[in-house]
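Topology and contacts: notes
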Amino acid sequence: MTIAAVVAGFAIGYFVRRILAEAKIGSAEQAARKIVEEAEKEAEAARREILLEAKEEAHRLRTEIEQESRARRGELQRSERRLFQKEESLDRKAEALERREEAINRKERELDGLKKDLEHVYEQQRAELERLSGLSSDEARELLLKNIEEEIRHEAAIMIRDIEARTKEEADRKAREIIATAIQRYAADHVAEISVSVVTLPNDEMKGRIIGREGRNIRTIETLTGVDLIIDDTPEAVILSAFDPVRREVAKIALEKLINDGRIHPARIEEMVEKAQKEVDSIIKEEGEGAAIEVGVHGLHPDLIRLLGKLRFRTSFGQNVLRHSIEVAHLAAGMAAELGANVMVAKRAGLLHDIGKAVDHEVEGPHVQIGVDLARKYKESPEVIHAIAAHHGDEDPYTIEAVLVQAADAVSAARPGARRETLEAYMKRLAKLEEVANSFEGVEKSFAIQAGREIRIMVKPDKIDDLTAVRLSREIASKIEKELDYPGHIRVTVIRETRVVDYAK
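Model, not experiment: these values are computed from the prediction.

A word on the overall build of the protein. Within the protein one finds 15 helices and 8 strands. In the protein, which comprises 505 residues, the proportion classed as buried is 32%. Nonlocal contacts in the protein, meaning residues at least 24 apart in sequence, comprise 62% of its contacts between residues at least 6 apart. Roughly 33,200 Å² of accessible area belongs to the protein as shown, and the carbon and sulfur atoms make up 53% of that amount.

Okay, here's the thing in structure tokens:
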């Protein structure tokens, strides 16, 4: 019906267009006759020309209508062919669906029969199993569930171990990324400093002038500065010895000024020592203010700034304490920014964490406690005070900023070249590390690598299984913590390897 309607529509359209075209042609001819009549009145030549144009227009219209009709007929024929093909395709699909439905119904009937047979066989087997085992279905189910429960617990323990390992690896990786980012953002050069000051002399005759008549010059210098002058056989040099690095710096500057001036006597010594004291005080203030500005810490008490400046003359294992404090502040701030912690608290606590070392030669007690007392005295925040108190593990850190200061302190102190360590002490530490690892049963051999930052332990696979290896690594790490002193942390890696070798001949 649809095809017939489409064909009828096209046919009606065609005839309507034809009638309209013929009507147009008739109208054109009538107009042509009128034009001819009028033209005959004016000129015979004009009449012929107009009649010719009218005939040409009629011929053109007739040609266009015929072309459009042929195109419509071609389009109708193509539509008929497409519809016929679709109808055939639908018929084939309907036949295929009918066959598939019939096959499915047949399979369902077969499955119903098999299901009944299986139920019958299952009942027979269950009855036979109950007879052979002497257990009822409920008893067998309880026994099976118990066995499954034990297996699940064992698998759960293994899964927990794997999850812990993956979590630790992910945490270690993230921590390494954060620390590496902080270190990359702040990379300071490390220069080992010697705690003994040496003043170079222009010649050995200057030693006698420094000593003075009956030793009055050297006594005056030692009395005014509190520094011991060691004048020995060392050519063209005087050694200054004092526990207080600031006094030693004052004596060094004063002595250098006296040597350059050439006039060395008690009155001149007193004048130069006073000038050197003022110069060192100015240096201390500038160093403290410069450190605070470099780190970006504001609002420090003036006395704290002066104490920071005194750290410029303080060393720890050859590492300058002021540069170390600045580095710790930058590292802690970088890690705090990565973790979304309080950057200003981390930065401030990192800068002040070793402030006690500025006066630990004057005040009794460890530098951590001295630093805490100073921070309280100058009204620092409780978070900063806690970070100072916890940076060496004297108390457990309960804020993320305290943990970051602790980590930054370890990173700064443990970086290669940051602190001096003699070759002999270094070799003894590595040997002791391997000795601790080899003391455990089942360990075949161990190797201290990465400058003592990691110990790799090869175990005997027939004596140590995978779960025991996990326990062994923890026990070795615990023993290392108890028996060894080391900067930073040491990674304990237990390797259990089984090799099977055969030869194809």
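We are not done yet, so read on.
Attention now moves to unusual backbone geometry. A positive phi angle, near 55°, is found at Glu214, a position not held by glycine. Tracing the backbone shows Glu214 in the loop between helix H4 (205-211) and helix H5 (216-225). Looking at Glu214, the relative accessible area reads 71%, which means it is exposed. Even without a glycine there, the phi angle at Lys379 is positive, about 60°. Mapped onto the elements of the fold, Lys379 is located in the loop between helix H11 (367-377) and helix H12 (382-390). On the basis of relative accessibility, which here comes to 73%, the residue Lys379 falls in the exposed class.

On to a negative patch on the surface, then. Among the surface-exposed residues, Glu87, Glu88, Asp91, Glu95, Glu98, Glu101 and Glu102 lie close enough to one another that they form a single negatively charged patch. Positionally, Glu101 belongs in helix H2 (residues 44-133). Residue Glu101 is classed as exposed on the basis of its relative accessible area, which comes to 52%.

Among the nonpolar cores identified, the biggest contains 44 residues, and Leu300, Leu307, Leu308, Leu351, Leu352 and Ile355 are the most heavily contacted of them. Here this core takes 9 residues from helix H9 (residues 321-339), the largest share from any one element. Beyond its immediate sequence surroundings of up to four residues, Ile355 is in contact with Leu304, Leu307, Leu308, Leu311, Gly371 and Leu374. Residues Ile218, Leu229, Val238 and Ala242 belong to the second largest nonpolar core, which totals 27 residues.

The next subject is helix H10 (residues 343-352). Because each turn of an α-helix spans 3.6 residues, side chains separated by three or four positions in sequence point in the same direction. In terms of burial, H10 is a largely internal element, 8 of the 10 residues being buried. Residues of H10 that are buried: Val345, Ala346, Lys347, Arg348, Ala349, Gly350, Leu351 and Leu352. Where H10 begins, the side chain of Asn342 points an oxygen toward the backbone nitrogen of Met344, at a separation of 3.2 Å.

Turning to the sheet that holds strand E2 (residues 228-230), a few remarks are in order. One open sheet holds the 3 strands; their spatial order is E1-E3-E2, and the pairing between them is antiparallel. Only two strands of the sheet have a single partner each, and these edge strands are strand E1 (197-200) and E2. Neighbour-to-neighbour, the strand axes of the sheet open up by a mean angle of 30°, direction not taken into account. Two elements, E1 and strand E3 (residues 237-241), share 4 bridges in a ladder whose sense is antiparallel. Of the residues in E3, the one forming a bridge with Ser197 is Leu240.

Structurally, the position occupied by Arg314 is in the loop between helix H8 (302-310) and strand E4 (315-316). Not counting chain neighbours up to four residues away, the residues in contact with Arg314 comprise Pro245, Gln319, Asn320, Val321, Lys357 and Asp360.

This brings us to a positive patch on the surface. On the surface, Arg78, Arg81, Arg82 and Lys86 cluster together into a positively charged patch. Within the secondary structure, Lys86 sits in helix H2. Judged by its relative accessible area of 57%, Lys86 is exposed.

Right, let's talk about the confidence of the model for the protein for a bit. Predicted confidence across the protein gives a mean pLDDT of 79, with 86% of residues reaching 70 or more. Mean pLDDT across the elements of the protein bottoms out in helix H1 (residues 2-42) (71) and peaks in strand E7 (residues 454-459) (89). With pLDDT under 50 throughout, residues 186-195 is counted as low confidence; its partners more than four residues away or in other chains account for 26 contacts.

When two helices pack together, their arrangement is given by the angle between their axes and by how far apart the axes lie. Between helix H7 (residues 266-295) and H9, the shortest axis-to-axis distance is 10 Å and the interhelical angle comes to 15°. What the angle tells us is that H7 and H9 run roughly parallel. Viewed along their axes, H7 and H9 form a crossing whose handedness is right-handed. For the pair formed by H7 and H9, the contact residues are Glu287, Ala291, Glu294 and Val295 on the first element and Leu322, Arg323, Ile326, Ala329 and His330 on the second. Its residues assigned to classes, the contact of H7 with H9 shows 5 nonpolar, 1 polar and 3 charged.

Pairs may arise between side chains of opposite charge once their charged atoms sit close together. What the rule picks out here adds up to 15 salt bridges. Notably, a salt bridge pairs Glu294 with Arg323, separated by 3.3 Å at the nearest N-O pair. Of this pair, Glu294 sits in helix H7 while Arg323 is found in helix H9, placing the two residues 29 residues apart along the sequence. The closest approach of N and O atoms between Asp354 and Lys357, which form a salt bridge, is 3.7 Å.

Among all positions in H11, only His367, Val368, Ile370, Gly371, Val372, Leu374 and Ala375 are buried. Each element contacted by the buried residues of H11 is listed here: H8 and H12. Just past H11, the residue Lys379 takes up positive phi, approximately 60°.

What counts as what
Residues numbered from 1 in each chain as written. Predicted model: local features only at pLDDT ≥ 70, side-chain atom pairs only at ≥ 80, totals over all residues. Heavy atoms only, no water. Helix = DSSP H or I, 4+ residues; strand = E, 2+ residues; numbered from the N terminus. Buried < 20%, exposed > 50% of the residue type's maximum accessible area, 1.4 Å probe, protein only. Contact = heavy atoms within 4.5 Å. Areas by Shrake-Rupley, 256 points an atom, 1.4 Å probe, with all protein chains shown as cover. Patch = residues over 30% accessible without salt bridge, like charges linked within 9 Å, V, L, I, M, F, W, Y side chains within 5 Å. Salt bridge = Lys/Arg side-chain N within 4 Å of Asp/Glu carboxyl O. Lys, Arg positive; Asp, Glu negative; His and termini not counted. Charge placed at Lys NZ, Arg CZ, Asp CG, Glu CD. Core = buried A, V, L, I, M, F, W, Y, C linked by side-chain atoms within 4.5 Å. Polar contact = N/O pair within 3.5 Å; in protein donor to acceptor, adjacent residues only side chain to side chain. Pairing = 2+ DSSP bridges. Axes fitted to C-alpha atoms, helices over the stretch in contact; angles between N-to-C directions. pLDDT = per-residue confidence, 0-100. Parallel < 35°, antiparallel > 145°, perpendicular 65-115°, else oblique. Left-handed = near helix turned anticlockwise from the far one by under 90°. Nonpolar A, V, L, I, M, F, W, Y, C, P; charged D, E, K, R; others polar.

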